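Breakdown of the fold
What follows is the residue order along each chain.
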Amino acid sequence: MTESAAPSPRRVAAILLAGGRGLRAGFGRPKQLEWLCGKPVLRWSLDVLAGYPGLSGGVLVANHDVMAATYPLPEGWMAADPGVERQQSVANALSALTDWPDDAVVLVHDAARPGVDSAVVDRLLAALDGADAAIPVLPVPDTLVEAADGAAGAVVARDRLARVQTPQAFRLGTLRRAHAEASGAAATDDAQLVRSLGVSVATVEGDARLHKLTYAADMAILAGLLGTKDMMRTAVGMGYDVHRLVEGKPLWIGGIEIAHSHGLEGHSDADVGLHALTDAILGALGDGDIGDHFPPSDPQWRGAASHHFLSFAGERVAANGGRIGHLDLTIIAEAPRIGPHRVAIRDRIAEILAIPAGRVSVKATTTERLGFTGRREGIAAQAVATIQLPET
Ligand code: MG
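Keep in mind the model is a prediction, meaning the values are calculated, not measured.

**Looking at the packing of aromatic side chains**
- Applying the stated criterion across every chain yields a total of 4 aromatic pairs.
- The interplanar angle of 40° and the centroid separation of 4.5 Å between the aromatic rings of Phe 294 and Phe 309 together place this pair among those described as tilted. Residue Phe 294 is found in the loop between α10 (290-293) and α11 (307-319), and its partner Phe 309 is found in helix α11; the two are separated by 15 residues along the sequence.
- Plain terms: the ring middles of Trp 301 and Phe 309 are 5.9 Å apart, the flat faces sit at 80° to each other, and that makes the pair edge-to-face.
- The exposure class of Trp 301 is buried, given its relative accessible area of 17%.
- The structure contains a cluster of three or more aromatic residues connected by ring pairs, namely Phe 294, Trp 301, Phe 309 and Phe 312.
- Positioned over the ring face of Trp 100 is Arg 11, at 3.9 Å from the centre of the ring.

**Digging into the coordination of the magnesium ion**
- Of the protein atoms, only Asp 241 (OD), His 243 (NE2) and His 275 (ND1) coordinate the magnesium ion, at distances of 2.1 to 2.2 Å.
- The class for Asp 241 is buried, based on a relative accessible area of 17%.
- Owing to a relative accessible area of 8%, His 275 belongs among the buried residues under this scheme.

**Some details on the sheet that holds strand β13 (residues 232-247)**
- Overall, mixed pairing links the 5 strands, which are arranged β16-β13-β19-β17-β18 in an open sheet. The sheet is open, and its two borders are formed by β16 (262-265) and β18 (360-365), each paired with just one other strand. In this sheet, neighbouring strand axes are inclined to one another by 25° on average, regardless of whether the strands run parallel or antiparallel.
- One ladder, built from 9 bridges, connects strand β17 (residues 323-332) with strand β19 (residues 378-390); its direction is antiparallel. Looking at the pairing, Asp 328 lines up with Val 384 of β19.

**What to know about helix α5 (residues 172-180)**
- Those residues of α5 lying buried are Leu 172, Gly 173, Thr 174, Leu 175, Ala 178 and His 179.
- Close packing links the buried residues of α5 with α3 (86-96), β6 (105-110), β11 (168-171) and α6 (190-195).

**Concerning the pairing of β18**
- For β17 and β18, the ladder comprises 6 bridges, and the chain directions are parallel. Note that in β18 the partner of Leu 327 across the bridge is Val 360.
- Regarding the hand of the β-α-β motif, the stretch spanning β17, helix α12 (residues 342-353) and β18 is right-handed.

**Thoughts on unusual backbone geometry**
- Of the consecutive residues Thr 166 and Pro 167, the connecting peptide bond is found in the cis state with omega at 10°.
- If you trace the backbone, Pro 167 turns up in the loop between β10 (162-164) and β11.
- Here the amide bond leading from Ala 335 into Pro 336 is cis, since omega sits at -5°, within 30 degrees of zero.
- Inspection of the secondary structure assignment puts Pro 336 in the loop between β17 and α12.
- Non-glycine residue Ala 270 carries a positive phi angle of around 65°.
- Within the fold, Ala 270 resides in the loop between β16 and α9 (272-285).
- Of note in the backbone geometry, Ala 354 takes a positive phi value of approximately 55° without being a glycine.
- When its relative accessible area of 69% is taken as the criterion, Ala 354 is described as exposed.

**Looking at the pattern of salt bridges**
- In total, this model carries 12 salt bridges according to the counting rule given.
- When salt bridges that share partners are traced, they join Lys 39, Arg 43 and Asp 47 into one network.

**Digging into the pairing of strand β9 (residues 151-156)**
- As judged from the 4 bridges shared by strand β8 (residues 144-148) and β9, these two strands associate in the antiparallel manner. Across the sheet, residue Leu 144 finds its bridge partner in β9, namely Val 156.

**Some words on the packing of α9 against α11**
- The geometry of α9 relative to α11 is characterised by a closest axis approach of 9 Å and an angle of 20° between their N-to-C directions. Relative to α11, α9 is oriented roughly parallel. In the crossing of α9 with α11, the sense of the turn from one axis to the other is left-handed. Residue-level inspection shows Leu 274, His 275, Leu 277, Thr 278, Ile 281, Leu 282 and Leu 285 of α9 in contact with α11, the latter providing His 307, Phe 309, Leu 310, Phe 312, Ala 313, Arg 316 and Val 317.
- In the contact of α9 with α11, the residues fall into 10 nonpolar, 3 polar and 1 charged.

**Regarding the packing of α3 against α5**
- Contact geometry of α3 with α5 gives a least axis separation of 11 Å together with a crossing angle of 130°. In terms of axis orientation, α3 runs oblique to α5. Where α3 crosses over α5, the two elements pack in a sense that is left-handed. Contacts from Gln 87, Val 90, Ala 91 and Leu 94 in α3 reach Leu 172, Leu 175, Arg 176 and His 179 in α5.
- Considering only residue class, the contact of α3 with α5 consists of 5 nonpolar, 2 polar and 1 charged.

Conventions adopted
Residues numbered from 1 in each chain as written. Predicted model: local features only at pLDDT ≥ 70, side-chain atom pairs only at ≥ 80, totals over all residues. Heavy atoms only, no water. Phe/Tyr/Trp six-rings, centres within 6.5 Å; stacked < 30°, edge-to-face > 60°. Helix = DSSP H or I, 4+ residues; strand = E, 2+ residues; numbered from the N terminus. Buried < 20%, exposed > 50% of the residue type's maximum accessible area, 1.4 Å probe, protein only. Lys NZ or Arg CZ within 6 Å of the ring centre and 35° of its normal. Donors = N, O, S within 2.8 Å, 3.2 Å for Na, K, Ca; no water. Pairing = 2+ DSSP bridges. Axes fitted to C-alpha atoms, helices over the stretch in contact; angles between N-to-C directions. Contact = heavy atoms within 4.5 Å. Right-handed = clockwise from strand over helix to strand, strands pointing away. Salt bridge = Lys/Arg side-chain N within 4 Å of Asp/Glu carboxyl O. Parallel < 35°, antiparallel > 145°, perpendicular 65-115°, else oblique. Left-handed = near helix turned anticlockwise from the far one by under 90°. Nonpolar A, V, L, I, M, F, W, Y, C, P; charged D, E, K, R; others polar.

Pasting the structure below:
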């Protein structure tokens, strides 16, 4: 054979550790499920690793609540139970990879580092061409000193130190041996176990985006690092509506009925406030207007309660992967006085759309007896909706 042998394609698996309870973060639920820039923390790592070209399988190590919230797992992925210690969690995942050969590569990653990307995985796999283990590291930018009893001691030379991140890459056989021979001492990462075998661990350049989620304040740092602005775009829509006031009809404004001598005339319940809001949301979505979706010519909307229109618009936002950022509604009426009902209207709108009341503003004005509103012939409403939508 004279031709040079092409490097054989390596099988690569990932072990994604999501078993921690995240108690230090002080969240009301596992930190892996906290929402970060449009998806749960865990999803960031899972999507990148499962989508990495050349990765042919993985093991997600998580408790049942986290696992249930993450199903279905990507193709080729398995589930494993976490252990009390990190080391046991990795060992459980290795048990799920029994069928894999020793010369396969395994990436061990901590789901609390959602900023993983394919570039760092590329660097790790390249380093494994000449090593059995590789880890991403970053330099230490701060001055380091010994410290005890509230006093600074000697400076520690930082040029010989590095911060260790995950994912960490290993020959599967090497990691198996490290775990089989682990003394039981709790190691904070797998590279320590492998090194204790006398195996050399190569270092590659880490990534600041691999910042670890430990405390609640880390969420803001991660949101900045992962670039929310790149993820969602802000869209603004406006709505305007007018209905005529007639005697002896119920008056519906902003989803509540207000006692008054006159009510608004229209095909539906003529709720001018909810109509303006519905049009504002549809406008932000670029999804036509209220008349397109609920034609006045359609008898099924005769006398309809307008909260149906507004909740429909809210569902369209959700169906587009978006969220309502803020709604601002202005009612223009000479009478009745809207001020006493503002809080009730705000709360009703928030309830219809299932959003916090703090994202809804309701204002009212007269037109100083000028125009049709000033002559009490009708009531007008203006609304502005701000929504966040995924970049397409
Ligand atoms: Mg209308």
